[in-house]
Amino acid sequence: MMIPNRKEYLKALANSGQKIMGVLPALYPRELLWAFDIHAAEIWDPPGEILHANAHLQTTICPIVKRSLEFILKEPDIINAGYLFPHTCDSLQNLGTQVKDLIGVSLPVYTFYNPKGSFNNTTTRYYRDILQNFQLSMEAVYGPLAPDKFLAACVLSHKIDSHLMAIQQARMTDHLSLNNAEYFKLMRAQEYLLPTDYLSLLEQVDILDQPGESPRARMMVSGILPPTPEILEFLDELGVSIVADDLLAGSRRIPKFPMDAPVSPLDYLTDRFFILPPCSTRGGDLDERLHHLSKHMNASQAQGILFDIVKFCEPELFDHRLLVKTLRGKNYPVLTLETELENHISGQDKTRIEAFTELLFEMVSP
Amino acid sequence: MADLYFAGVDVGSLSTDVSIIDHSGKLLSETVIPTGVNGSEAAEVAFDSAIKLADLSREVITAITATGYGRASVAFATGKTTEISCHGVGAHQLFPKTGTVIDIGGQDSKVIQIDSHGRMLDFTMNDKCAAGTGRFLEVMANRLELDLDELSSPLNIEGESAPISSTCTVFAESEVISLLAKHTPREHIVHGLQRSIVNRIWSMVASIGIEGEVTLTGGVAHNRGLVVLLEEKLGLTLNIPENPQTVGALGGAHIARRAYQSSLELGPN
Ligand code: SF4
């Protein structure tokens with residue numbers, strides 16, 4: 001399965017005349033953008049080195065915000081339709097203001113204030129309202145929204161979700177022939193591939209009829225981004241399979257259960273938003289998240305959980321302490337790594353990971 | 001299992017340690033040498049010297065576990081295991097009632113919880129800096145122009161320990177310079193430094209808790225002043241091995257022995 005490189009792919013798209021909106025993580029109405037023929041490309045990953053952004057940000061801001069700003073400052077030729085800042089956290093919200101008012105990019109800057117809190121009358125009404133407002137702001141630039149295109153975009157999104165759910169299930173039960181590194185590369189490709197390209201990639205994924213070889217140990221990961229490719233490869237080498245995740249850049253974007261095919265786009269998007277797994281960035285209930293984690297640990301038979309925490313990520317750090325305490329109390333082995341999205345693992349982190357896997361191996365040894 | 005021998009080779013950042021045991025687990029020899037710049041060479045030298053001390057030859061060693069930060073560089077090892085697991089097993093061999101191991105190594109410190117078989121249950125390790133490690137003491141010994149032995153004495157003169165509020169090596173060193181400039185007695189500064197490490201270790205212990213007896217391993221366990229303060233802080237008496245530096249290597253040797261035994265039980269594939 002060939003997955004194109006993010007930067008090269010987006011550059012080629014921009015050169016072909018495709019409208020591209022630079023989107024900050026993590027939850028935003030991509031279907032509405034698709035309906036206006038705008039490609040939503042998430043810009044939280046490249047580039048690696050942060051040089052220009054540091055001049056505008058405090059040292060205690062998370063590296064994702066820094067990377068995003070670095071991208072905005074350094075790659076002005078890829079994004080051509082504007083930037084969209086969902087209210088994932090205060091740091092991203094402030095970055096939106098900064099980019100718009102202080103740094104002064106020439107492209108339009110949009111915001112999208114996701115509701116914080118779970119499903120109820122007020123939050124659903126609010127969510128529909130901001131969807132409609134966002135639609136209006138797009139219509140002001142691109143003309144009236146074509147209802148059939150909006151529905152088609154939701155149908156595409158529904159298909160992608162169905163594939164992702166099947167793949168997620170296959171991974172839990174060892175019916176997937178992808179290793180850790182390949183799996184997360186596939187998950188993250190949705191951040192920048194055109195939905196049609198992404199769907200055809202998902203259609204190529206081989207789901208086995210019979211379970212493949214069992215890994216030496218099974219692990220769940222939680223946090224914002226998956227561990228760096230180097231860590232994933234190291235886990236592959238050790239024979240540890242990540243069988244479930246609770247990542248903002250992973251399963252937290254996949255509905256908890258299958259939905260009916262869309263009929264009314266607005267209803268569909270609202271329903272979808274509220275059946276996403278609990279998430280620290282949406283002010284979710286901690287008990288609900290714990291329940292979700294335990295359920296996935298059990299379903300995937302994961303022996304331990306790895307929290308990969310992005311340094312200075314406030315929403316995750318709020319939840320993390322209590323989650324660890326409770327999971328440890330339930331005798332789940334827990335390891336926490338704090339990352340600044342470095343490309344290499346330090347010797348100490350390598351030892352931590354290896355020791356953690358030794359602990360998991362002991363649990364499965366006779 | 002007669003005439004079977006097992007070794008653990010612990011290539012740490014400061015020292016390389018080797019332990020050799022026989023089939024019954026009896027310790028035959030131990031060596032500790034500085035690692036220097038070449039971990040794999042240090043492993044060869046330390047291993048040869050331990051073999052010689054045990055009056056054996058390389059060929060009769062059945063299985064060898066490499067551990068420590070340089071574990072990947074031990075080409076002659078038959079297996080590798082992290083120092084975290086090795087310290088757990090080593091401490092269990094020496095003090096079977098150990099439930100918690102505090103290892104203060106040259107470059108990092110760990111707190112490890114183990115079960116009644118020496119198997120690791122949980123662990124925590126210090127962050128990516130030298131706070132609370134042997135390296136911290138080394139830097140301070142240089143600054144105070146003391147050798148490590150002198151840095152290990154408990155406070156035995158009148159007065160308070162000097163307040164060193166920082167656990168960071170760089171900031172603590174500046175504090176030491178200021179204290180020296182104010183003519184603070186060196187013994188008080190030493191005591192302040194020991195307290196600073198103890199506070200750092202304490203925060204790690206607090207994050208995973210204490211179970212059973214507590215065994216202190218790693219070269220810093222030789223520091224008597226620090227041991228007194230740590231015992232005071234934890235409110236218990238620590239198990240101190242005779243050779244705290246070689247506990248990881250000893251654990252490695254026992255892991256090699258266990259692995260060999262279970263391969264016999266499982267039979268050839
Ligand atoms: S990592 Fe955390 S703080 Fe940073 S952008 Fe994401 S949610 Fe916000």
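Everything discussed here concerns the structure shown above.
Keep in mind that what you see is a predicted model, and the values were worked out from it rather than measured.

The rules behind each value
Residue numbers run consecutively from 1 along every chain, following the written order of its sequence. A letter from A marks each chain and a number from 1 marks each ligand, given out in the order of writing. Given that the model is predicted, a residue must reach a pLDDT of at least 70 before its local features are reported, and side-chain atom pairs must reach 80 or more before they are shown or counted; all residues, however, enter totals for whole chains, interfaces and linings. Calculation of side-chain values draws on the structure's entire complement of heavy atoms; hydrogens and water are dropped beforehand. Numbering of helices and strands starts at the N terminus; helices are DSSP runs of H or I of at least 4 residues and strands are runs of E of at least 2. Throughout this description, buried means an accessible area under 20% of the type-specific maximum (1.4 Å probe, protein chains only), exposed means over 50%, and partly exposed covers the range between. Residue-level accessible areas treat just the shown protein chains as cover; the underlying method is Shrake-Rupley with a 1.4 Å probe. Counted charges follow a simple rule, with Lys and Arg positive, Asp and Glu negative, and His plus the chain ends left uncounted. Charged groups are reduced to one reference atom each: NZ for lysine, CZ for arginine, CG for aspartic acid, CD for glutamic acid. Criterion for a salt bridge: a side-chain nitrogen of Lys or Arg within 4 Å of a carboxyl oxygen of Asp or Glu. Aromatic rings from Phe, Tyr and Trp, taking only the six-membered ring of Trp, are treated as a pair when their centres fall within 6.5 Å; an angle between ring planes under 30 degrees marks them as stacked, one over 60 as edge-to-face, and anything in between as tilted. Only lysine NZ and arginine CZ atoms are considered, and such an atom sits over a ring when it is within 6 Å of the ring centre and within 35 degrees of the ring normal. Cavity: a set of points on a 1 Å grid over the protein atoms alone where a 1.4 Å probe fits but cannot get out. Pocket: an open set with protein on both sides within 12 Å along at least five of seven lines, its lining residues, like those of a cavity, having an atom within 4 Å of a point. Grid points are joined across faces, edges and corners, and a volume is the space filled by probe spheres set on the points. Gly is put with the polar residues, along with every residue not named as nonpolar or charged; the nonpolar set is Ala, Val, Leu, Ile, Met, Phe, Trp, Tyr, Cys and Pro, and the charged set is Asp, Glu, Lys and Arg. Working rule for helices: expected span equals 1.5 Å times residues minus one. Side-chain atoms alone can form a polar contact between residues adjacent in sequence; in general such a contact is a pair of N or O atoms within 3.5 Å, and within protein one must be able to donate a hydrogen while the other accepts it. Contacts: residue pairs with any heavy atoms within 4.5 Å of one another. Accessible area that two parts lose when put together, evaluated with a 1.4 Å probe and summed over both, is termed the buried area.

Q: What is the right way to look at the overall build of chain A in this model?
A: Assigned secondary structure in chain A consists of 13 helices and eight strands. Along the longest, intermediate and shortest principal axes, the C-alpha atoms of chain A span 65 × 50 × 40 Å. Taking all 366 residues of chain A together, 58% fall into the buried category. As displayed, chain A offers around 15,500 Å² of accessible surface, 52% of which is attributable to carbon and sulfur atoms. The averaged location of the 46 negative side-chain charges in chain A is 4 Å from the averaged location of its 33 positive side-chain charges.

Q: Help me understand the pattern of salt bridges, please; the structure alone is not making it clear to me.
A: Residue and element names in this part refer to chain A. In this structure the tally under the stated criterion is 29 salt bridges over all chains. Among the ionic pairs, Asp 161 bridges to Arg 272, the shortest N-O distance being 2.7 Å. Here Arg 272 lies in helix α10 (residues 265-274) and Asp 161 lies in helix α6 (residues 147-172), a separation of 111 residues in the sequence. You can call Asp 161 buried: its relative accessible area is 2%. Among the ionic contacts, a cluster of salt bridges with common partners joins Asp 246, Arg 252, Arg 289, Glu 316 and Asp 319.

Q: What is the right way to read the packing of aromatic side chains from this model?
A: What characterises a pair of aromatic rings is the spacing of the ring centres plus the angle enclosed by the ring planes. Residues and elements named next belong to chain A. Counted by the stated rule, this structure contains twelve aromatic pairs over all chains. On the numbers, 6.1 Å between centres and 90° between planes, the contact of Tyr 110 with Phe 134 is edge-to-face. Residue Tyr 110 is found in strand β4 (residues 109-112), and its partner Phe 134 is found in helix α5 (residues 121-142); the two are separated by 24 residues along the sequence. Taking relative accessible area as the criterion, Phe 134 reaches 3% and is therefore assigned buried. Both rings, one in Phe 119 and one in Phe 274, keep their centres 5.7 Å apart while their planes meet at 70°; by these two values the pair is edge-to-face. With Phe 119 in the loop between β4 and α5 and Phe 274 in helix α10, the pair connects residues that are 155 residues apart, well separated along the chain. What makes Phe 274 buried here is its relative accessible area of 11%. Between the NZ or CZ atom of Arg 216 and the centre of the ring of Phe 361, over which it lies, the distance is 3.7 Å. The cationic tip of Arg 282 hangs over the ring face of Phe 273; the distance from NZ or CZ to the ring centre is 5.2 Å.

Q: Looking at this structure, how should I read the layout of surface pockets?
A: One way to see where empty space is left: roll a probe the size of a water molecule over the atoms. What the largest pocket holds in volume is close to 1,300 Å³. The set of elements that each furnish at least two residues to the lining of the largest pocket consists of α12 (314-329), β8 (334-339) and α13 (347-364) of chain A together with β8 (120-125) and α5 (186-208) of chain B. Sorting elements by how many residues they give to the lining of the largest pocket places α12(A) first, with seven residues. In the lining of the largest pocket, the residues fall into 16 nonpolar, nine polar and 15 charged.

Q: Sorry if this is basic, but what is going on with α5(B) here?
A: Each full turn of the α-helix corresponds to 3.6 residues, which orients residues three or four apart in the same direction. Counted at 1.5 Å a residue, the expected span for α5(B) with its 23 residues is 33 Å, and the 34 Å between its end C-alpha atoms agrees. Downstream of α5(B) by one or two residues, Gly209(B) has phi in the positive range, about 85°.

Q: It is not clear to me how the side chain of Asn114(A) should be interpreted in this structure. Could you clarify?
A: Residue and element names in this part refer to chain A. Along the chain, Asn 114 turns up in the loop between β4 and α5. For Asn 114, a relative accessible area of 6% puts it in the buried group. A distance of 3.0 Å separates a polar atom in the side chain of Asn 114 from the backbone oxygen of Leu 27. Those residues in contact with Asn 114 that sit more than four places away from it in its chain are Leu 27, Pro 86, His 87, Tyr 126, Tyr 127, Ile 130 and Phe 273.

Q: Help me understand the interface of chain A and chain B, please; the structure alone is not making it clear to me.
A: Accessible area lost during the coming together of the parts is what is often quoted as the interface size. Each partner contributes residues to the interface: chain A has 17 residues there, and chain B has 20 residues. Where chain A abuts chain B, roughly 1,500 Å² becomes buried across the two surfaces, and 47% of that area is made up of carbon and sulfur atoms. Sorting the residues of chain A by area buried against chain B places Gln348(A), Thr351(A) and Arg352(A) first, and these three jointly supply 35% of that buried surface. The interface formed by chain A and chain B includes three salt bridges. The closest approach of N and O atoms between Lys80(B) and Glu354(A), which form a salt bridge, is 3.2 Å. For the side of chain A that touches chain B, the secondary-structure elements that each account for two or more residues are β8 and α13 of chain A. Examining the composition of the side of chain A that touches chain B, we find that eleven residues originate from one element, α13(A), more than from any other. For the side of chain A that touches chain B, the residue count by class is five nonpolar, three polar and nine charged.

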